[in-house]
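Per-entry structural report
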Amino acid sequence: MNHIELKVNGIRIARDVEDNLRLIDLLREDLKLTGTKEGCSVGECGACTVVMDGKSVCSCLLLAAQCNGAEVTTVEALHHDPVGKKLQNAFIRHGGVQCGFCTPGVLMSTKALLDRNPQPSDDELKEALEGNLCRCTGYQPIITSIKAILKV
C-alpha cells in the first residue's frame, strides 16, 4: 500500500492505494469520475487522457502512486473552465462529437495545448492530437471545432 495525496479537479484527495492501482481506476472506480474512458489499456488510443501538472497523459499507463503530489484535471472539470466550456460547445456546434467515446481524451489533449499556447498553429494542433484515435469523425470536425474557438 502507498499513501498518496493529490489534487483532482481542484480537490485535495488523500488515499491509501494498492501498488498496482492505475490512475484511471482511481478516477473511475474510487472517485466516480467516469468521463475519462478506458479504450485500449496500453496508451495507444488516448481515450483515457487527463491533464497532469499541465501535460496530457494517458491515465491507463500511470500508477496512482506515481501521481503523489500531482494536480490532475479530468473532463468533468471543463464545465468550470471558460476555455473548456467553449471547447465543449464548439464540439457540439461543429460536429466534433459523434459517438463521443474519444471526446473526453481529445478535449483534455486540446485543453493542455491551449493552456500552453492559446493560438497554436495547425501543425501544433495536429501534433497535440496525434495520440488520440477517433474512428467516427475523420478528425476534420474535431479540428474545425477547436479552430472555431481560436478565432474568438
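Residues numbered from 1 in each chain as written. Predicted model: local features only at pLDDT ≥ 70, side-chain atom pairs only at ≥ 80, totals over all residues. Heavy atoms only, no water.

Some thoughts on the overall build of the protein
We count it as follows: Each helix is a run of H or I in the DSSP string that is no shorter than four residues. Each strand is a run of E no shorter than two, and both are numbered from the N terminus. A 1.4 Å probe rolled over the protein chains alone gives each residue an accessible area, and that area as a share of the maximum for its type sets the label: buried under 20%, exposed over 50%, partly exposed in between. For this analysis, residues touch if any pair of their heavy atoms sits within 4.5 Å. Note on areas: Shrake-Rupley with a 1.4 Å probe; residue coverage comes only from the protein chains shown.
Check the secondary structure of the protein and you find five helices and five strands. What you see in the protein, going N to C, is helices and strands ordered as β-β-α-β-β-β-α-α-α-α. Expressed along its principal axes, the backbone C-alpha trace of the protein runs to roughly 45 × 30 × 25 Å. Taken across its 152 residues, the protein has 45% of its residues classed as buried. Put simply, of all contacts in the protein between residues at least 6 apart along the chain, 55% involve residues at least 24 apart. With the model as given, the accessible surface of the protein reaches about 8,000 Å², and the carbon-plus-sulfur share is 50%.

Re the pairing of strand β3 (residues 49–52)
Using the following cut-off: In this scheme, strands are said to pair when DSSP sees at least two bridges between them.
Side chains T49 and V51 of β3 all project onto a buried face; the interleaved residues V50 and M52 project onto the opposite face, where all are buried too. Where β3 hands over to strand β4 (residues 55–58), the hairpin turn is made up of two residues, of which D53 adopts a positive phi near 50°. Where β3 lies against strand β5 (residues 71–73), two bridges are found, and the strand directions are antiparallel. Bridge pairing in β5 places V51 opposite T73.

Notes on the environment of T34
Looking at the element boundaries, T34 is found in the loop between α1 (23–30) and β3. Spatially, the C-alpha atom of T34 lies 9.2 Å from that of V75, the residues being 41 residues apart in sequence. With near-sequence residues (within four places) excluded, T34 lies in contact with R28 and E76.

Concerning the pattern of salt bridges
Where we set the bar: Within this document, salt bridges are pairs made up of a side-chain nitrogen of Lys or Arg and a carboxyl oxygen of Asp or Glu, the two lying within 4 Å of each other.
Within this structure, the stated rule accounts for six salt bridges. Taking the shortest distance from any N to any O, the salt bridge between K111 and D115 comes out at 2.5 Å. Highlighted residues: K111 and D115, both in helix α3 (residues 103–116), separated by four residues, approximately one helical turn. A residue is classified by how much of its surface remains accessible, and K111, at 9% relative accessible area, is buried. We note a salt bridge from K147 to D122, for which the minimum N-O separation is 3.0 Å. With a gap of 25 residues between them, K147 in helix α5 (residues 140–150) and D122 in helix α4 (residues 122–129) connect regions that are remote in the sequence. The exposure class of K147 is partly exposed, given its relative accessible area of 29%. According to the relative accessible area criterion, D122 is partly exposed, its value standing at 38%. Counted as one network, the salt bridges with shared partners bring together R22, D25 and E38.

Any functional reading would require information beyond the geometric quantities listed.
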